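Structure assessment
What follows is the residue order along each chain.
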Amino acid sequence: MKAAMLRSIVKRSSASLVRPISSSYSVQRGFSSESAPERKVAVLGAAGGIGQPLALLMKLNPLVSRLALYDIAGTPGVAADVSHINTRSEVAGYMGEDQLGQALEGSDVVIIPAGVPRKPGMTRDDLFNINAGIVKSLCTAIAKYCPNALVNMISNPVNSTVPIAAEVFKKAGTYDEKKLFGVTTLDVVRAKTFYAGKAKVNVADVNVPVVGGHAGITILPLFSQATPKANLPDEDIKALTKRTQDGGTEVVEAKAGKGSATLSMAYAGAIFADACLKGLNGVPDVVECSFVQSTVTELPFFASKVRLGRNGVEEVLGLGPLSDFEQQGLEALKPELKSSIEKGIQFANKS
Ligand SMILES: NC(=O)C1=CN([C@@H]2O[C@H](COP(=O)(O)OP(=O)(O)OC[C@H]3O[C@@H](n4cnc5c(N)ncnc54)[C@H](O)[C@@H]3O)[C@@H](O)[C@H]2O)C=CC1
Ligand SMILES: O=C([O-])CC(=O)C(=O)O
C-alpha cells in the first residue's frame, strides 16, 4: 500500500475522535514539517505481530522525529526495513536487555506490545503468568530511563498489566497517574465498525465510547451514546455489545492458533499514540477512551473518555447517561475488573 494512502487512512479515522490539527505543525505539511516539536517514540516488542505494523504506522506519523524499535530479537531487520521509508523520523533498532536503556532514553511516548498472545480456548488472564513479568521488567527500565514518558500499555491482560505498571512506578518513585494508559482503542474501533454495519451509516462519521476494561464483559460499549443516532432495536444493541466484547476472541479463533489481532491492533495503537502526541504538542480537545487511574467508579482503574494534554491525562471524563442495559453491564463487570486489578497489584508487590 502506498504511504500516502496509509497516511490518509490514519488521518481520516482519527479525525472522528480527534479534532483535525490546525496549528503551525499541521500534518498537512507532511513529513518535513520543521516546526513540529521533536518527539521520540519507543516501541517495546517491535518485532512482533503488533510491533511490526505499529512500527510502520509510527514511521508514517509526521509528529514522530525519532523512532526506537526494541525487542529481545529481530529488531535490526525491522528497523532497517522501516528506516528506508522516506518520512520524517530517524529509526533505530535495539535488541536485548543491554540495549533497552538506550532505546528508552529521551522517549516522550513508550508503546508496549511485548508479550505472548492468546491461542483459541485461552482467556486474556491466561497470559498473566508470562506477560506480568515482562511488563514488570520493562516498566522498571522505563522508571529508570524515561520516567516522564507517556506509557501506552497494549500487553494483555490490560486489566492487570496497567496496575502492575502503576505499582512498579510507585516503588521507583516515578508514578504519575496522568502518564499511564491501557490501550483500549481497539474496542472503540470495533464498536464503530460493527455499529456502522448494523445502523447502515458511514463508518467514518461514527463515534461510540467504550468503557470499563479490556476483557470479555469488562468491555462495555455505550451504544446509547453512539452517533449518528440510529434507534436500533434492543436485540441489535445486545448483539453488537456481545460482538464488541468478543471481538478479540473472534480474531483468535479465525487465526486458529496463529495469535490474536495484530493489524487492527497496530492501527488502534497508532491512533492512540497519535492522540498522545497531539496532546503533548498542545492540540486542544483530543479525547480518546483509555484504561486509566480513575474515580469515575469505585474501582481504582477504569476505561472511559479521557482528554489528553501537555502532561498526558488532562481530564478523565464521566460516563454520561447510561441505558438500563448499560447500567446492568456496568454493575456486572465490576467484580471481574476489581479482581484483575487486585491480581496485578499483588503480583507487583510480592515479587
Ligand atoms: N490491548 C489490546 O487491545 C490488545 C493487546 N494485545 C496483546 O499484545 C501482546 C502482543 O501481541 P502480538 O504482537 O500479537 O504477540 P507476538 O508474539 O507476535 O509479539 C510479541 C513480541 O514481544 C516480544 N517480547 C517478548 N518478551 C519481551 C521483552 N521482555 N521485551 C521486549 N519484547 C519482548 C517478542 O519477542 C515478540 O516479538 C499480547 O499480550 C496480546 O495479547 C493484542 C491485541 C489487542
Ligand atoms: O483478544 C486478544 O487476546 C487480543 C486482544 O486483546 C484483542 O484483540 O482485543
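Residues numbered from 1 in each chain as written. Chains lettered and ligands numbered in written order. Predicted model: local features only at pLDDT ≥ 70, side-chain atom pairs only at ≥ 80, totals over all residues. Heavy atoms only, no water.

1. Points about the overall build of the protein chain
Formally: Numbering of helices and strands runs from the N terminus; a helix is a DSSP stretch of H or I covering at least four residues, while a strand is a stretch of E covering at least two. In this description the radius of gyration comes from C-alpha coordinates, and the expected globular size is given by 2.2 Å times residues to the power 0.38. To sort residues, take the accessible area from a 1.4 Å probe on protein chains only and compare it with the maximum for the residue type: under 20% means buried, over 50% means exposed, and anything in between is partly exposed. Here, two residues are considered to be in contact whenever any of their heavy atoms come within 4.5 Å of each other.
Helix and strand counts for the protein chain come out as 11 helices and 11 strands. On C-alpha atoms alone, the protein chain measures out to a radius of gyration of 19 Å, which is about the 20 Å that the 2.2 N^0.38 rule sets for 351 residues. Dimensions of the protein chain, computed from C-alpha atoms along their principal axes, come out at roughly 50 × 50 × 40 Å. Taking all 351 residues of the protein chain together, the buried fraction comes to 56%. Residue pairs in contact within the protein chain that sit at least 24 positions apart in sequence constitute 71% of those at least 6 positions apart.

2. Looking at the state of the cysteines
Applicable threshold: Sulfur atoms of two cysteines make up a disulfide when they are within 2.5 Å.
Across all of its chains, the model carries 0 disulfides by this definition. Looking at Cys 139, it has no disulfide partner, and the nearest cysteine sulfur is the one in Cys 146, 9.7 Å off. Residue class for Cys 139 comes out buried when judged on its relative accessible area of 0%.

3. Topic: the site of ligand 1
The line we're drawing: We call a residue near a given molecule or strand whenever any one of its heavy atoms falls within 4 Å of it. We call two N or O atoms a polar contact when they sit within 3.5 Å, provided that within protein one can donate a hydrogen and the other can accept it, with sequence-adjacent residues counted only if both atoms are side-chain atoms. Every accessible area reported is derived by Shrake-Rupley at a probe size of 1.4 Å, with residue values counting cover from the shown protein chains alone.
Residues in contact with ligand 1 amount to 28 residues; listed here are only the nearest, Gly 49, Ile 50, Asp 71, Val 116 and Asn 156. Here Val 116 contributes a backbone N or O atom positioned 2.9 Å from an oxygen atom of ligand 1. Between a nitrogen atom of ligand 1 and a main-chain N or O atom of Val 183, the distance comes to 3.2 Å. Expressed as a share of its isolated accessible area of 870 Å², the protein-covered part of ligand 1 is 85%. Those elements giving two or more residues to the shell around ligand 1 turn out to be β2 (66-71) and α5 (128-145). Looking at the shell around ligand 1, the element that brings in the most residues is α5, giving 3 residues.

4. Some remarks on the site of ligand 2
Cut-off, in case you're wondering: For this classification, the nonpolar set comprises Ala, Val, Leu, Ile, Met, Phe, Trp, Tyr, Cys and Pro, the charged set comprises Asp, Glu, Lys and Arg, and every other residue, Gly included, is treated as polar.
Close to ligand 2 lie Arg 118, Arg 124, Asn 156, Leu 186, Arg 190, His 214, Gly 248, Ser 260 and Ala 261. Note that an oxygen atom of ligand 2 is positioned 2.8 Å from one of the side-chain N or O atoms of Arg 190. Between ligand 2 and His 214 there is a distance of 2.6 Å, counted from an oxygen atom to a side-chain nitrogen or oxygen. Across the complex, the protein chains shield 95% of the 260 Å² of accessible surface that ligand 2 would expose by itself. Its residues assigned to classes, the shell around ligand 2 comprises 2 nonpolar, 4 polar and 3 charged.

5. Section: the nonpolar core
Heads up, the condition is: Among the buried residues, those of types Ala, Val, Leu, Ile, Met, Phe, Trp, Tyr and Cys that are joined through side-chain atoms within 4.5 Å form a nonpolar core.
Ranked by size, the top nonpolar core spans 47 residues in total, and within it Leu 44, Leu 104, Val 110, Ile 112, Ile 142 and Phe 169 carry the most contacts. For Ile 142, the residues in contact, after removing those within four places along its chain, are Leu 44, Leu 104, Val 110, Ile 112, Pro 147, Val 151 and Phe 169. Core analysis: the second largest hydrophobic core is formed by 42 residues, Ala 46, Ala 55, Leu 186 and Leu 277 among them.

Coordinates in, geometry out; function isn't part of it.
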